[in-house]
Amino acid sequence: MDTVGAPGLHQNEPHGNDIAHRLNWLRAGVLGANDGIVSVAAIVVGVAGATTQTGPILIAGAAGVVGGAISMALGEYVSVSSQSDSQKALIEKERRELEEEPEEELAELTAIYQSKGLSQDTAQAVARELTAHDALSAHLAAELNIDQEDIVSPWHAAIASAIAFVAGAVLPMLAILLPPENIRVPLTFAAVLVALAATGSVGAWIGGSSKAKAAVRVVIGGALALAATFAIGSLLGATGVV
């Protein structure tokens, strides 16, 4: 797992992979929340452009929250299931090779450690000791950078993605429903753009990139989405289509 850019991480630190794993989950949560903010805000602002009635706005927003959360969960489940299946297949392949060709696998492990700078004798000693302790784990770590105890769970990923989306969607729903009709749209715009700036900054911090640039990009994208849906809603409302 790549830890480049993660704040405070070095590849030789204890538990570095665990920290990187947690940061990747945090990054995914931030992106899920960002999707919830933008997509639901665009829906409710678009409907608010067509009508000032709270009922249609609430119905459209609720549908957006439920549909978006399910869509995010399904997409994440399918994606992570493919990754999990691939990891399990590689583990099974490595287990089979160790059973059928133990000497060849030992030589391969020795060569891997030699390529990292160890002498042949040292590399062979390391390979033999690791093989005696846990051959499968040693080969998975050296060859594939896989920990068989840390296989990604599709269900966990799906649930986390859905929760993150709903958490992000709460803000635009409250911003459009709670204020008086005459200020609900501008207030929603302001609240959403501030929230997007925050999520963009957090995502950039996790990735080690520029927080200001990330915030600006996300805010501009969100503003364009809101402006487009509000314009379409206003046009449809003015023409009497809805």
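Remember, it's a predicted structure, so these values are computed and weren't measured experimentally. (Residues numbered from 1 in each chain as written. Predicted model: local features only at pLDDT ≥ 70, side-chain atom pairs only at ≥ 80, totals over all residues. Heavy atoms only, no water.)

**Structural notes on the overall build of the protein**
Check the secondary structure of the protein and you find seven helices and zero strands. Seen in sequence order, the protein has helices and strands lined up from the N terminus as α-α-α-α-α-α-α. The 242 residues of the protein split such that 34% are buried. Across the protein, the fraction of contacts at a sequence separation of at least 24, relative to all contacts at a separation of at least 6, is 68%. Only carbon and sulfur atoms are counted for the fraction: they give 63% of the accessible area of the protein, which is about 13400 Å². (Helix = DSSP H or I, 4+ residues; strand = E, 2+ residues; numbered from the N terminus. Buried < 20%, exposed > 50% of the residue type's maximum accessible area, 1.4 Å probe, protein only. Contact = heavy atoms within 4.5 Å. Areas by Shrake-Rupley, 256 points an atom, 1.4 Å probe, with all protein chains shown as cover.)

**Section: a nonpolar patch on the surface**
A cluster of nonpolar side chains, V166, V170, L174 and L178, forms an exposed patch at the surface whose accessible area comes to about 350 Å². Its place among the elements puts V166 in helix α5 (residues 154-177). According to the relative accessible area criterion, V166 is partly exposed, its value standing at 33%. (Patch = residues over 30% accessible without salt bridge, like charges linked within 9 Å, V, L, I, M, F, W, Y side chains within 5 Å. Salt bridge = Lys/Arg side-chain N within 4 Å of Asp/Glu carboxyl O.)

**Observations regarding the pattern of salt bridges**
If you walk through the whole model with that rule in mind, you get two salt bridges. Across the pair R95 and E92 runs a salt bridge, and its minimum N-O distance is 3.0 Å. Of this pair, R95 and E92 both sit in helix α2 (residues 54-100), three residues apart, roughly one helical turn. The class for R95 is partly exposed, based on a relative accessible area of 31%. Residue K93 is joined to E97 by a salt bridge in which the shortest nitrogen-to-oxygen separation is 2.6 Å. Within this pair, K93 and its partner E97 are both found in helix α2, separated by four residues, close to a single helical turn. The exposure class of K93 is partly exposed, given its relative accessible area of 38%.

**Some details on the packing of α2 against helix α4 (residues 120-144)**
Between α2 and α4, the least distance of the axes is 10 Å, while the angle of their chain directions is 120 degrees. As summarised for this structure, α2 and α4 are arranged oblique, according to the angle between their axes. For the element pair α2 and α4, the recorded crossing hand is right-handed. Within the contact between the two elements, α2 uses L90, I91, E94, R95 and L98 and α4 uses A135, L136, H139, L140, E143 and L144. Per-class residue counts for the contact of α2 with α4 are seven nonpolar, one polar and three charged. (Axes fitted to C-alpha atoms, helices over the stretch in contact; angles between N-to-C directions. Parallel < 35°, antiparallel > 145°, perpendicular 65-115°, else oblique. Left-handed = near helix turned anticlockwise from the far one by under 90°. Nonpolar A, V, L, I, M, F, W, Y, C, P; charged D, E, K, R; others polar.)

**Brief notes about the nonpolar core**
V40, V44, I176, V192 and L226 are the most contacted members of the largest nonpolar core, which totals 22 residues. Mapped onto this core, the elements with two or more residues apiece are α1 (16-50), α2, α5 and α6 (181-207). Examining the composition of this core, we find that seven residues originate from one element, α1, more than from any other. Those residues in contact with I176 that lie beyond four places of it in its chain are V44, A48, I57, R184, V185 and T188. (Core = buried A, V, L, I, M, F, W, Y, C linked by side-chain atoms within 4.5 Å.)

**What about the side chain of E94?**
In this fold, E94 is placed in helix α2. Within the buried set, E94 has no salt-bridge partner at all; the shortest N-O distance to an opposite charge, 5.5 Å, is to K93. Leaving out residues up to four positions away in the same chain, E94 has contacts with E105, L136, H139, L140, E143 and L144. (Lys, Arg positive; Asp, Glu negative; His and termini not counted.)

**Structural notes on α4**
Between its first and last C-alpha atoms α4 spans 21 Å; for 25 residues at 1.5 Å apiece the expected length is 36 Å, and the helix comes up short by more than 12%. Considering bend angle alone, the principal kink of α4 is centred on D134 and spans about 125 degrees. Those residues of α4 lying buried are A123, A127, A135, L136, A138, H139, L140 and A142. N145, located one to two residues past α4, shows a positive phi value of around 55 degrees. (Expected span 1.5 Å × (residues − 1). Bend = angle between axes of the 7 residues up to and from the residue.)

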